[in-house]
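Fold and contact review
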Amino acid sequence: MQTILQTALDLTEGDRALQIAAEAVRGGTDWIEAGTPLVKSEGMNIIRTLRKTFPDKHIVADLKTSDTGGLEVEMAAKAGADVVCILASADDAVIRDALRGAALYGVELMADMMNVKNPAARAKELAEMGVQIVNAHVGIDQQMEGKNPLDLLEEIGKLGVKVAAAGGLTAETAAEAAAAGADIVIVGASIVKAADAEKAAREVRNAIDSPKVVKKVTESLDAQIRKLLEEVTAPNVTDAMYRKGSMTGLSVIHSPKKMIGKAVTVQTFGGDWSKPVQAIDVCKEGEVLVISNDQRCDIAPWGELATHSACIKGLSGIIIDGAVRDWDDIIEMDIPVYAKSVQPNAGEPKGFGEINAEISCCGQSVKPGDWIIGDKSGVVVIPKERAYEIARRAVEVHHTEIRIRAEIEKGGTLGSLQQLLRWEKH
């Protein structure tokens, strides 16, 4: 049997969802899912609209039901759904009632395994109870922390019922899921956030129709974080952090290329340039030197020779909470430098201060090993303990912008696409 491609419309705007669904269907999508955000935003009317618009396609209502199983199945079924999603972690009484409703109204029940403590055991129980589809689903927030639906799919194994896989799947990983035995692959962002959803869906369709598993070389976590950050901008990262992490006051910017790297921190005082220069020897290639000059901008702890030395060492960039000098020479170099001001006066190398201690720099706390991203928009600090998660979230922000940009080019406006009036606080 051909693997089913299900496109998850995890948006909040009905008009946009319908347009993307039409593109996805042209690309080979079999089942159309009204994702949980869409159902919460638009209610059962979006199910009715999808049924009317795509009469020959399976419509999936991702309600993530946890109570009143029969009632919610009835609502979705009467609106036109063919499949209704319920949480696998729901009480057995809820599952049984949902199954009774599904039998009465002729729809299938899909149990979502997200957050289940013992997936293999619970999947077996659900299959024995009569659930028609078990979904090896890793939720969006879990994906951001590196959890993988392919691992969950393997853990669940063969059940004798249809098995779906969902959670950040791309054309490549969807093919791996199909090769691992998934009857249904559920793809959201890779299609929904693509500038051309039809093309993206076709790529997934082709991949799962001829699935190949490619042995991957495992990258270090640092390499994965850097690769993700190379795809995004500093504003993408602040959006992913709910508008946090941005340094302030950096009005002197030389940004010949994007700056990405782990922080080596320096605390100095009154333009003392001894510790900042010593820190170059501490840095590894690709790291970012972050210097606090105790907010003084009348005397510079950094200049052209230090910049030249950092450039030769292979640093990704330098940030100075204070002044920099020799600016005419620095802007000729291929290394990003950010500062608060330009000041010809230099301090004395007295050796005050400390290297690789937690510092305050331009309004942000910076710890050694925190990730830094900088471009012409400015600099953002990413706490090291959340770096992978935030980088993944920033990529999702970037992909969302790609799709919105494409819709603007087709005649939409930013205000209408975002439905700003609808979401204003009252």
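Summary of the structure given here.

About the criteria used
Residues numbered from 1 in each chain as written. Predicted model: local features only at pLDDT ≥ 70, side-chain atom pairs only at ≥ 80, totals over all residues. Heavy atoms only, no water. Helix = DSSP H or I, 4+ residues; strand = E, 2+ residues; numbered from the N terminus. Buried < 20%, exposed > 50% of the residue type's maximum accessible area, 1.4 Å probe, protein only. Expected span 1.5 Å × (residues − 1). Contact = heavy atoms within 4.5 Å. Polar contact = N/O pair within 3.5 Å; in protein donor to acceptor, adjacent residues only side chain to side chain.

Observations concerning unusual backbone geometry
Even without glycine at this site, D326 takes up a positive phi of about 60 degrees. At N356, a residue that is not glycine, the phi angle is positive and equals roughly 60 degrees. Within the secondary structure layout, N356 lies in the loop between β14 (354-355) and β15 (359-361). You can call N356 partly exposed: its relative accessible area is 34%.

Overview of helix α1 (residues 14-26)
Two residues of an α-helix separated by three or four positions point the same way, owing to the 3.6 residues in each turn. Spanning 13 residues, α1 covers 19 Å between terminal C-alpha atoms, matching the ideal 18 Å at 1.5 Å per step. Just downstream of α1 lies G28, where phi reads positive at about 115 degrees.

Brief notes about helix α4 (residues 69-79)
Those residues of α4 that sit buried are G69, G70, V73, A76, A77 and A79. On its buried face, α4 sits against α3 (45-53), β3 (58-65), β4 (83-87), α5 (92-105) and β5 (108-112). In the segment just after α4, G80 is the residue with positive phi, at about 120 degrees.

Some words on the side chain of N236
For N236, the location among the structural elements is in helix α13 (residues 234-240). In this structure N236 comes out as buried when scored by relative accessible area, which is 1%. Of the polar contacts made by the side chain of N236, one reaches the side chain of E401; its length is 3.2 Å. When sequence neighbours within four positions are dropped, the list of residues in contact with N236 reads A394, V397, H398 and E401.

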